Each structure stands twice: as C-alpha cells, then as structure tokens.
Amino acid sequence: MSQRIDCDVAVVGGGPVGVVAVLALRDAGFKVVLVERGAAPKPFDVSRYDVRVYAIAPASARLLDQLGIWPEIAATRISPYARMQVWQRAAERGLSFDAAESGNGALGWIVEQGLILSAAWNQLGALPRHVGVEARALQLPDEDDRQGRASLQLSDGTELQARLIVAADGADSPLRERAGIAVTSWRYAQQAIVAQVLMSSAQAATAYQRFLPTGPLAFLPQADGRHSIVWSADSEAAAALLALDDASFARALSEASQYALGEVIEAGPRLAFPLRLLHAEDYHRPGLVLVGDAAHAIHPLAGQGANLGFADVAQLASTLSAAREAGRDWASSRTLASYTRARKAANLEMLALTDALYRGFGNSLPGLRQLLGIGLEAVNKVTPVKSLLATQAQRGAG
C-alpha cells in the first residue's frame, strides 16, 4: 500500500557520506529520512580486515566525533599515522611529512570502510529509513516557489515530500541525472589495485607513496602492522599485476617500492577498480543538492575522496542551519547557491591538484618526470612550503 511521508530533508544514499549527512542534519534539528537502495550494512567483523580503507584527516575525524561515530571507531580499530614519505626517484630524497612539524599528534588515521559504515549506521537509532528500495520518479519545485516541496517516488510505493533532497547516491548518481545536472568527466586509463600486505621493515605509523611511470603506489599502515596498498597502474600493467601469482606479485611490489619498506612477507587477495575524474557543473537545483561522489570523484592518489565528501556535509549542515537561524528560507536556491560556492572552490582545487599530479608523473615527455622528482626533493628542504602542503592534506572537512 502506498503512503506519503513529509519531512524536511530526504537523504538518498546510505554510504559513509550519506549517513554522515543524515546524522549531521538530524543533529542540526531537521526532520530527516534516509533512503538506501541496498541492504543495511552488517555488523563490523573485527576478525577480518577490509581491503578498502580511508585516510581520515583531522577535520573529518572532528566531524565524526561530533556525530558520535568516532568513539566506536577508535574503540574498535584504528591506525594513526604521524609520518608520510613521498618520492619518485629515491625514498631518502623524497618529500617527508611529520605531524610534529605542524604541531599535531597525527597527520590522519587509516580506517576501514566497513567500520566507518557500521559505526555511522549504529548512530541512526530510530531515525526513519527506507532500506532496499530505489528512488524512482523525482519532481522538483519551481525556482520561484519559495515553499515548494520536492517529491520522490520510491520503489516500495512510498512518496516522500521534502523541502530538500540530498543526493548522496554516488558518482553515477541517478538523482543528478534526473535533475538534469551535467558533469565534466573522464576515465583514466588506469585501475587501482588494493590488497593487504605485510612488509618486513616498514616504519611504524608511517604512510608511503611512490610515483611510478605507470601510476602512484601507496602504502597505508594498518593497526595490526600490515599495510593496505593502493597501486594505481595503467590498465595493461594492472592486468599483468593481477595475473601474477602471490610470490611474483610480492616481488613486483617490493621492487616497485624500492624496498623502502623492506620485502613483502605476505600479500593478501587483490581487487581492482577503474579510476575516473568527475565534477558536476552545478551542485544544486531547486529542492535538490549534491554531496560526495554525486558532486565530485577524484583520483585516489591524494587520499582525499572521503574527506571532500565529509567536508561537503559539514558545509551543508552549517549553511542550512545558519540560514534557518537568521530567519531565511533554509531550502531556497539562494541558500543552496551559498553551499555550492563554498564547496566548489575547494573541490575544484583538489581535483585540479590530483589530476595535475597524475598527468605530470605519468607523462612520458623527456625530462618532465625527472623535473617533478627533483621538485619533491626541493620542497622537502623548504619548511614553509612543506607546512602548507601538510596543512592542506589535514584540512579535510575543516
């Protein structure tokens, strides 16, 4: 039987960014409903490690702490990293970051995707949700209808009426497409290989990244002493790496890292996913706003994808709350345009940076890669520049 539900905000998408958006808007005093087309996440299994992890910046950690998510994460499993080594030609001559240089205890924390998801869903309590249903027909109010409501028809027959719909439904966002928001997008000719590995002599609490001709290779420390790797490689090279047996892959990984972490003692199962860049030309329509991957998707070499999404959520909750407290229409296009201006600039800056790094270090022009490698070594000797880069990396949702 069909039913109609009225709410202030309907958030579509139950991934980490979507659920964090639900919690942030609920805590800001809005009546929120969650819509997720998949199943609710299973309780986190501490006996297993996810191959998909996030590098959570301090600002993102503060947001998760404010929403009650971080205490469960910290009590379950977490891996802070205080140092980072980035190089192209030789690890000892690359760029090194240390949290102590910027007066912080950590540059960030490596957290498994499943743990963030489980901890966030555990904070929902009795909040209304529609799980295992899809958002189908979308109707948005007219631009000049100040009290208009958006309408969302769900696959279970429910009609949601909301002042605002938050699209957190991923890079292939159906809601973004239905709203007619165009995107700038291209696929990199790369795959990201992820796996858990055990290295023989890696420094504790240290993340590593090397820029290779075929793509960047990152080692992210795990709580049990292992590392989660993200090896972005040209499609042909990725296919060859996936086809190797475990021993051959371990040798290839040790050589690619120039043995900066020692040798690979153990390598777990490998998964791969294609890489892309995407940016929505606008972040809102009347009655609709985009957050997370629905608005932007970036190359993982800077580890900032989740942090950008959490920053969207923090900005959205702040913008809507400020408008409401000032007596303005919190769901108006003017309010949403304020959110868009704030986030577009920061997101485009990071998209441009990661794309430039990908293209620069992957460029085959004679001398360019060598010049960039020398640049990393030079930046390492200039403390103010290093501090600026470290601050940028830690900014996240700040």
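**Q** Looking at this model, I keep getting lost on the packing of helix α1 (residues 16-27) against helix α4 (residues 113-122). Mind explaining?
**A** Each pair of packed helices can be described by the angle between their axes along with the distance between the axes. At a minimum axis separation of 9 Å, α1 and α4 run at an interaxial angle of 25°. In terms of orientation, α1 and α4 fall into the roughly parallel class. The crossing of α1 and α4 is left-handed. From α1, Pro-16, Val-19 and Leu-23 reach across to α4, where they touch Ile-116, Leu-117, Ala-120 and Trp-121.

**Q** Got a minute to help me understand the confidence of the model for the protein in this structure?
**A** Interpreting fine coordinate detail is not advised for predicted regions of low pLDDT. Per-chain confidence: the protein averages 87 in pLDDT, with 85% of residues scoring 70 or above. Across residues 363-389, where pLDDT falls below 50, the model places 39 contacts with residues more than four positions away in sequence or in other chains.

**Q** Is there a simple way to explain the nonpolar core in this structure?
**A** In summary, soluble globular proteins display a tendency toward joint burial of nonpolar side chains. Counting 72 residues, the largest nonpolar core has Val-9, Val-11, Leu-25, Ile-69, Ile-73, Ile-165 and Val-166 as the members making the most contacts within it. Residue contributions to this core peak at eight residues, all from α1.

**Q** Mind showing me how you'd approach the packing of helix α2 (residues 58-66) against helix α8 (residues 305-325) here?
**A** Following both chains from N to C, one finds α2 and α8 inclined at 50°, their axes separated by 10 Å at the closest point. Judged by the angle between their axes, α2 and α8 are oblique. Along this stretch, α2 crosses α8, giving a crossing that reads as left-handed. Residues Ser-60, Leu-63 and Leu-64 of α2 lie in contact with α8, whose contacting residues are Asn-307, Phe-310 and Ala-314. Classifying every residue of the contact of α2 with α8 gives four nonpolar, two polar and no charged.

**Q** Would you mind showing me how to read the sheet that holds strand β7 (residues 108-112) here?
**A** Each strand in a sheet pairs with another by means of backbone hydrogen bonds, the pair being arranged parallel or else antiparallel. Sheet architecture is open: three strands sit in the order β3-β7-β4, paired in antiparallel fashion. Edge positions in the sheet fall to β3 (53-56) and β4 (79-81), since each of these pairs with one other strand and no more. Ignoring which end each strand starts from, the neighbouring axes of this sheet average 25° apart.

**Q** Hey, could you run me through the environment of Gly-18 in this one?
**A** Considering the arrangement of structural elements, one finds Gly-18 in helix α1. Between the C-alpha atoms of Gly-18 and Val-35, which are 17 residues apart in sequence, the distance is 9.3 Å. Contact partners of Gly-18, with chain neighbours within four places excluded, come to Val-11, Gly-13 and Ala-168.

**Q** Sorry if this is basic, but what is going on with the environment of Asp-156 here?
**A** Within the element layout of this structure, Asp-156 appears in the loop between β10 (150-154) and β11 (158-167). Of the residues examined, Asp-156 reaches a relative accessible area of 35% and is grouped as partly exposed. In sequence terms Asp-156 and Gly-132 are 24 residues apart; their C-alpha atoms lie 8.9 Å from each other. With residues near it in sequence (within four places) discarded, Asp-156 still touches His-130 and Val-133. Only 3.0 Å separates the side chain of Asp-156 from the backbone nitrogen of Thr-158, close enough to count as a polar contact.

**Q** Help me out: how do you make sense of the pairing of strand β14 (residues 215-221) in this one?
**A** Side-chain positions along a regular strand alternate between the two faces of the sheet. Extensive coverage of β14 is indicated by the burial of seven of its seven residues. Pairing between strand β13 (residues 206-212) and β14: five bridges, direction antiparallel. Note on β14: the bridge partner recorded for Gln-209 is Ala-218. Linkage of β13 to β14, two consecutive antiparallel strands, is achieved through a turn of two residues. Judged from the five bridges that link them, β14 and strand β15 (residues 227-234) form a sheet pairing that is antiparallel. Bridge pairing in β15 links Pro-221 to His-227. Here β14 folds back onto β15 in antiparallel fashion, the turn holding five residues, of which Gly-225 has a positive phi close to 95°.

**Q** In this structure, what is going on with the packing of aromatic side chains? I would like to understand it.
**A** Each pair of aromatic rings is reported with the distance of its centres and the angle of its planes. For the coordinates displayed, the defined rule picks out four aromatic pairs. A centroid spacing of 6.0 Å and a plane angle of 45° characterise the contact between Trp-231 and Phe-249, whose relative ring orientation is tilted. With Trp-231 in strand β15 and Phe-249 in helix α7 (residues 246-256), this residue pair connects regions lying 18 residues apart in the sequence. This pair shows no difference in class: Trp-231 is buried, exactly as Phe-249 is. Here the aromatic rings of Tyr-283 and Tyr-339 are separated by 6.4 Å at their centres, their planes lie at 50°, and the arrangement is tilted. Of this pair, Tyr-283 sits in the loop between β17 (271-280) and β18 (284-285) while Tyr-339 sits in helix α9 (residues 333-362); the two residues are 56 residues apart in sequence, bridging distant segments of the chain. The class of Tyr-339 is buried, set by a relative accessible area of 0%. Here Arg-77 stacks its cationic end above the ring of Tyr-49, 3.6 Å away from the centre of that ring.

**Q** When you look at the side chain of Arg-77 in this model, what are you seeing that I'm missing?
**A** If you trace the backbone, Arg-77 turns up in the loop between α3 (70-76) and β4. There is a polar contact of 2.7 Å between the side chain of Arg-77 and the backbone oxygen of Val-46. At a separation of 2.6 Å, a polar atom in the side chain of Arg-77 contacts the main-chain carbonyl oxygen of Arg-48. If we skip the residues at most four places from it in the chain, Arg-77 touches Phe-44, Asp-45, Val-46, Arg-48, Tyr-49, Glu-112, Leu-115 and Ala-223.

So, how was this worked out
Residues numbered from 1 in each chain as written. Predicted model: local features only at pLDDT ≥ 70, side-chain atom pairs only at ≥ 80, totals over all residues. Heavy atoms only, no water. Axes fitted to C-alpha atoms, helices over the stretch in contact; angles between N-to-C directions. Helix = DSSP H or I, 4+ residues; strand = E, 2+ residues; numbered from the N terminus. Parallel < 35°, antiparallel > 145°, perpendicular 65-115°, else oblique. Left-handed = near helix turned anticlockwise from the far one by under 90°. Contact = heavy atoms within 4.5 Å. pLDDT = per-residue confidence, 0-100. Core = buried A, V, L, I, M, F, W, Y, C linked by side-chain atoms within 4.5 Å. Buried < 20%, exposed > 50% of the residue type's maximum accessible area, 1.4 Å probe, protein only. Nonpolar A, V, L, I, M, F, W, Y, C, P; charged D, E, K, R; others polar. Pairing = 2+ DSSP bridges. Polar contact = N/O pair within 3.5 Å; in protein donor to acceptor, adjacent residues only side chain to side chain. Phe/Tyr/Trp six-rings, centres within 6.5 Å; stacked < 30°, edge-to-face > 60°. Lys NZ or Arg CZ within 6 Å of the ring centre and 35° of its normal.

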